[in-house]
Amino acid sequence: MPDIVVPIKQVPDMERVKFDTEAGRIDRSSAPGEINPFDLHALEAAIRIKEKLGGTVTTISMGPPQAESTVRDSLARGADCGILLAGREFAGADTWATSYTLACAIRKVGKYDLIICGEKTVDGDTGQVGPEIADWLDIPHVAYVSEIRDTGEKSITVVAEMEDDRLVIEAPFPVLLTVTKDLNMPRLPSFQDKMRARKAEIAKWGAADIADVADPANLGLKGSPTRLNKVVIPSEEGRKGKVFRGSSAEAAASVAEALAGLGVLGGAK
Amino acid sequence: MNIADYKGLMVFAEQRGGKIHPVSYELLGKGTELASQLGIEVSAVVLGNNLGDEVNELFYYGAQKVYYCDHPKLAGFDLLNYKHNIVRIINDVKPETVLFGATHLGRSLAPRIAAALGTGLTADCTALEIGDEGNLVQIRPAFSGNIFAHIRTTTRPQMATVRYKVMKSLPRDTSRTGQVVKVEPEIVDSVLKVVNKESAGGLNIAEADVIVCGGRGLKQAQDFDILTDLADALGGVVGCTRPIVDEGWMEKSHQVGFSGNTVKPKLYVAVGLSGSPQHLAGMRDSDVILAINSDPSAPIFKVADYGIVGDLYEVVPKLAAEVRQRS
């Protein structure tokens, strides 16, 4: 009966969030926080394995106190227990410090056969935290998993997407997977599930709670080897912006002429 | 770690089936430019088995030195053996910068190496510059390409994965030579067992030179036939926006945008799509953008080189005919 850990992140709804182009940042208040969509596929995979083989599913999230709602949502969707890592010491972490902190928390949880992560988060978009967690824990990982072929008591067989190739990989436990959106269709929690999750206990850990396993020098901004120098808002300069209106025949001819002039024609099948 | 001990720029040269992936040549091109500003050496590290003359290609594209680790276990992507040997080589050579292609292999491997070395890693860069103090400024799009983040690394080596088809490779020059440094491989337990290799088949839209992409302006699935006809005339492939995939009209492999594929073709034809920020994130770096839309206020016109305001059902067939006349 595998024990499964699913690291999750609260992200803004990227399809709805407004962007402050002046300040060069997203306006997080413009859209509610939700579980990173990729993590939903990881959670669904974990729950399906639990339904088949038993075991446990634990979610862990690092974030601000309001990320508690995201952990609660994961319980409504079928996780057995949720842990929120919140505290000033964790703030400003890059992927290296984030993965370190999550790996320490997973170590503190103790037993893990499988760790399933989303391929990346929709806000950070790095895809680095999963493989880095695996390295901290000194276990192998398989990235870009689009299919789980078989899960046994001691190993899992998955399909990893490597652009032109699909590798079928048998991985003994413990192993970490990062999964794509093709893996499954995450279920929606029922009203009863949500009510149950509302009352559930969520463990909240600060830096002091993981001090036995985590070096404080590696946490948060202080522990992060990368720094944001600045953000730059791209301009759309350099585009010709030549718009044709009126007769579609004339416009089509003019554009075809222009494209021919640029040398982009000639590849016809 | 003493930063002054780290010198030179190293490119991880990815090979598949014994052939170097073109992103590695792009990294050598960019690496050569950055290294010449700093007066440092550009090296490549390649793992494989019996690569033969393929190793010389790395010199032809700009490497001055190649660290070559040859072993049957390294022929394909063996995660733990790749990591173990590259970490060894980096610890030995101590380059100040290490670049990886942001392929699936690179994005799976590089984080493990960064974690193991205790150094920073910046994902999916689209530009690299040398900063005031000779450090590497790593530039990557964030939040759907609405901003570019400039990132520096306080540790060494400075590591980044770099998006494919963004940097320019040098022209292949067979007169270039360099030194091959054979590195004795150390083989560890692979743990993971590749039991089968299947062809992904299907479309790799990111490789296409011309993409004709349709959005909600198309009324039914079958109307994509007119886009296919234009794509055929242009020697390209058909893409679509997310709503089209949600409708089930096209496979996700065709989807361009934030939650689909990022593309950078020579010509991008946007048909009947308004140009949401999420869509623009996936195609704004295309060389030439042509937009066809009946709504002159559609945001797609703001990023387009050419625009035709009109009914796509009229414009697209006419454009296909005009293109055929000229090619």
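Residues numbered from 1 in each chain as written. Chains lettered and ligands numbered in written order. Predicted model: local features only at pLDDT ≥ 70, side-chain atom pairs only at ≥ 80, totals over all residues.

1. Side note on the overall build of chain A
Per the secondary structure count, chain A includes 6 helices and 15 strands. Considering only C-alpha atoms, chain A reaches an extent of 70 × 45 × 40 Å along its principal axes. The proportion of buried residues among the 269 residues of chain A is 47%. In chain A, once contacts between residues fewer than 6 apart in sequence are set aside, the share between residues at least 24 apart is 69%. (Helix = DSSP H or I, 4+ residues; strand = E, 2+ residues; numbered from the N terminus. Buried ≥ 20, exposed ≤ 12 C-beta atoms within 10 Å, placed from the backbone. Contact = placed C-beta atoms within 7 Å.)

2. Things to note about the overall build of chain B
Counting secondary structure elements, chain B contains 8 helices and 18 strands. For chain B, the C-alpha radius of gyration of 22 Å lies close to 20 Å, the compact-globule estimate for 327 residues. With the C-alpha coordinates aligned to their principal axes, the bounding extent of chain B is approximately 65 × 50 × 40 Å. Residues counted as buried form 54% of the 327 residues belonging to chain B. Excluding contacts between residues fewer than 6 apart, the proportion of contacts in chain B whose partners are at least 24 apart in sequence is 64%. (Rg over C-alpha atoms; globule rule 2.2 N^0.38 Å.)

3. Remarks on the confidence of the model for chain B
When pLDDT is averaged along chain B, the result is 94, and 99% of the positions lie at 70 or above. Scored by ipTM, the complex comes to 0.90, with pTM at 0.87. (pLDDT = per-residue confidence, 0-100.)

4. Things to note about the domain arrangement of chain B
Residues and elements named next belong to chain B. Examined at the domain level, chain B breaks down into domain 1 (3–182) and domain 2 (205–326). Between the C-alpha centres of domain 1 and domain 2 there is a distance of 34 Å. Tallying the contact residues gives 5 residues for domain 1 and 7 residues for domain 2. Residues belonging to the side of domain 1 that touches domain 2 are distributed by class as follows: 1 nonpolar, 3 polar and 1 charged. (Domains from an automatic or database assignment. Nonpolar A, V, L, I, M, F, W, Y, C, P; charged D, E, K, R; others polar.)

5. Examining the sheet that holds strand β7 (residues 121–125) of chain B
Residue and element names in this part refer to chain B. The strand order across the open sheet formed by 7 strands is β7-β11-β6-β1-β4-β5-β12, and the pairing between neighbours is parallel. Edge positions in the sheet fall to β7 and β12 (179–182), since each has one partner strand and no second. This sheet shows a mean twist of 25° between the axes of neighbouring strands, independent of strand direction. Alignment of strand β1 (residues 9–13) against strand β6 (residues 97–101), held across 3 bridges, turns out to be parallel. Of the residues in β6, the one forming a bridge with V11 is L99. Lying over the sheet, helix α3 (residues 79–93) contacts β1, β4 (42–48), β5 (65–70) and β6, oriented at roughly 155° with respect to β4. (Pairing = 2+ DSSP bridges. Axes fitted to C-alpha atoms, helices over the stretch in contact; angles between N-to-C directions.)

6. Some points on the nonpolar core
Core analysis: the biggest nonpolar cluster contains 122 residues, and A:V6, A:A46, A:I116, A:V142 and B:L58 have the highest contact counts within it. Not counting the four nearest positions on each side in its chain, A:V142 is found in contact with A:V158, A:A160, A:I169, A:A171, A:V175, A:L177 and B:L192. Among the nonpolar cores identified, the runner-up in size contains 64 residues, and B:C213, B:Y268, B:A281 and B:V323 belong to it. (Core = buried A, V, L, I, M, F, W, Y, C linked by C-beta atoms within 7 Å.)

7. Comments concerning the interface of chain A and chain B
Each side of the interface is counted separately: chain A has 70 residues, and chain B has 77 residues. Secondary-structure elements contributing two or more residues to the side of chain A that touches chain B are α3 (95–109), α4 (129–137), β9 (141–151), β10 (155–162), β11 (165–172), β14 (226–232), β15 (242–244) and α6 (248–262) of chain A. In terms of residue count, the dominant contributor to the side of chain A that touches chain B is α6(A) (11 residues). Of the residues that constitute the side of chain A that touches chain B, the class distribution is 38 nonpolar, 12 polar and 20 charged. Bridge count between β11(A) and strand β13 (residues 193–199) of chain B: 6 bridges; the pairing is antiparallel. Within β13(B), the position partnered with A:V168 by the bridge is B:N196.

8. Looking at the sheet that holds strand β7 (residues 81–85) of chain A
Reading across from one edge, β13(A)-β7(A)-β6(A)-β1(A)-β8(A)-β12(A)-β9(A)-β10(A)-β11(A)-β13(B) is the order of the 10 strands in this open sheet, with mixed pairing throughout. Each edge of the sheet is formed by a strand with only one pairing partner; in this case those strands are β13 (202–205) of chain A together with β13 of chain B. Recorded for the sheet is a direction-independent mean angle of 30° between the axes of neighbouring strands. Strand direction decides the pairing type here: β9(A) and strand β12 (residues 175–179) of chain A, joined by 3 bridges, are parallel.

9. Concerning the packing of α3(B) against helix α4 (residues 104–117) of chain B
Residue and element names in this part refer to chain B. Running from amino to carboxyl end, α3 crosses α4 at an angle of 50°, the nearest separation of the two axes being 10 Å. The orientation of α3 with respect to α4, classified from their angle, is oblique. Judged by the twist between their axes, the crossing of α3 over α4 is right-handed. Counted together, L79, Y82, K83, I86, V87 and I90 of α3 and S108, L109, R112, I113, A116 and L117 of α4 form the full contact between these two elements. Of the residues belonging to the contact of α3 with α4, the class tally is 9 nonpolar, 1 polar and 2 charged. (Parallel < 35°, antiparallel > 145°, perpendicular 65-115°, else oblique. Left-handed = near helix turned anticlockwise from the far one by under 90°.)

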